[in-house]
Amino acid sequence: MTTIDTLLDGARIPVTAPQRFDVAAGLRRLAADASRRTPTTEVTRSAQAGQRLGVVSRWVLNEPDAATHVAKIAEGPDRGPLTEEELDVDGALVFACLLYLTGHQESAQFWWQLAAGAGSRAAAYCLHLHHLALGESRRAWHWFHQLTHSMADTAPPDAAFLEGLELFARYVRTNGSRALAPTDRLESEVDRLAARTPGASVIVARPDRQLVASLREFGAGR
């Protein structure tokens, strides 16, 4: 369903003719950027990472089958705790992005980590951006390494793709996007889940059928 390769499908951005891109050199430049510690650079990098994460999260949430995947991890009367066998990776990714967009960042991190641990490169990229936005460079580059090297079962995105994603994020910042933000009703549903475990900083409970219904309604209204 949602892979990092589909995030730009809805974008039509005029670009110049493709040029050869030195992936190794691009990654070295990214690493060099991470080592610079001037306040202006750090603030700018964090802001850009947060903006890109918002773009990616909206596109994930607006995927046509987002609610279908979340339904696969939703609780029910015949379901106990979520097991590894029951985990729908895309469902965890969508739920994490919804949590992030509704202001529950720590909870989003928990669910992104579940998805990334199950092999989702898109979740690993979200974690990279999440920690970069928080100024946590070491953790951010750990997840960047996971994204580009450690998940051997699927092909990693190359540096040219990641640069293209940054270009797209800039385009959205300037021109807007067709990918909608969560509605007030979706935000209320997430807050309701959070209220079920008062005092807890992280929502580890599975989404429920009521939230899935609201997510289906959100998708139908696009």
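Every value quoted in this text rests on a predicted model; they were computed, and no experiment measured them. (Residues numbered from 1 in each chain as written. Predicted model: local features only at pLDDT ≥ 70, side-chain atom pairs only at ≥ 80, totals over all residues. Heavy atoms only, no water.)

With respect to the packing of helix 5 (residues 105–117) against helix 6 (residues 121–133)
Okay, so step 1: Two elements in contact, helix 5 and helix 6, have axes whose closest approach is 8 Å; the angle formed by their N-to-C orientations is 145°. Crossing geometry of helix 5 relative to helix 6 is assigned as left-handed. Seen from helix 5, the contacting residues are Gln105, Gln109, Trp112, Gln113, Ala115 and Ala116; seen from helix 6, they are Ala123, Ala124, Cys126, Leu127, His130 and His131.
Okay, so step 2: Split into classes, the residues belonging to the contact of helix 5 with helix 6 amount to seven nonpolar, five polar and no charged. (Axes fitted to C-alpha atoms, helices over the stretch in contact; angles between N-to-C directions. Helix = DSSP H or I, 4+ residues; strand = E, 2+ residues; numbered from the N terminus. Left-handed = near helix turned anticlockwise from the far one by under 90°. Contact = heavy atoms within 4.5 Å. Nonpolar A, V, L, I, M, F, W, Y, C, P; charged D, E, K, R; others polar.)

So, the confidence of the model for the protein chain
Okay, so step 1: Overall, the prediction assigns the protein chain a mean pLDDT of 78, with 66% of residues at 70 or greater.
Okay, so step 2: Across the protein chain, helix 4 (residues 89–101) holds the top mean pLDDT of 96, while helix 1 (residues 23–35) sits lowest at 56.
Okay, so step 3: Note that residues 10–21 has pLDDT below 50 and, in this model, 13 contacts with residues that lie over four places away or in other chains. (pLDDT = per-residue confidence, 0-100.)

With respect to helix 10 (residues 209–220)
Okay, so step 1: Compared with an ideal rise of 1.5 Å per residue, which puts 12 residues at 16 Å, helix 10 spans 16 Å between its outermost C-alpha atoms and is within 8% of the ideal.
Okay, so step 2: Among all positions of helix 10, only Leu211, Val212, Ser214, Leu215 and Phe218 are buried. End-on view of helix 10: buried residues confined to an arc of 160°, all on one side of the axis. Facing away from the buried side of helix 10 by over 90 degrees, the exposed positions are Arg209 and Ala220. (Expected span 1.5 Å × (residues − 1). Buried < 20%, exposed > 50% of the residue type's maximum accessible area, 1.4 Å probe, protein only. Arc of directions from axis to C-beta.)

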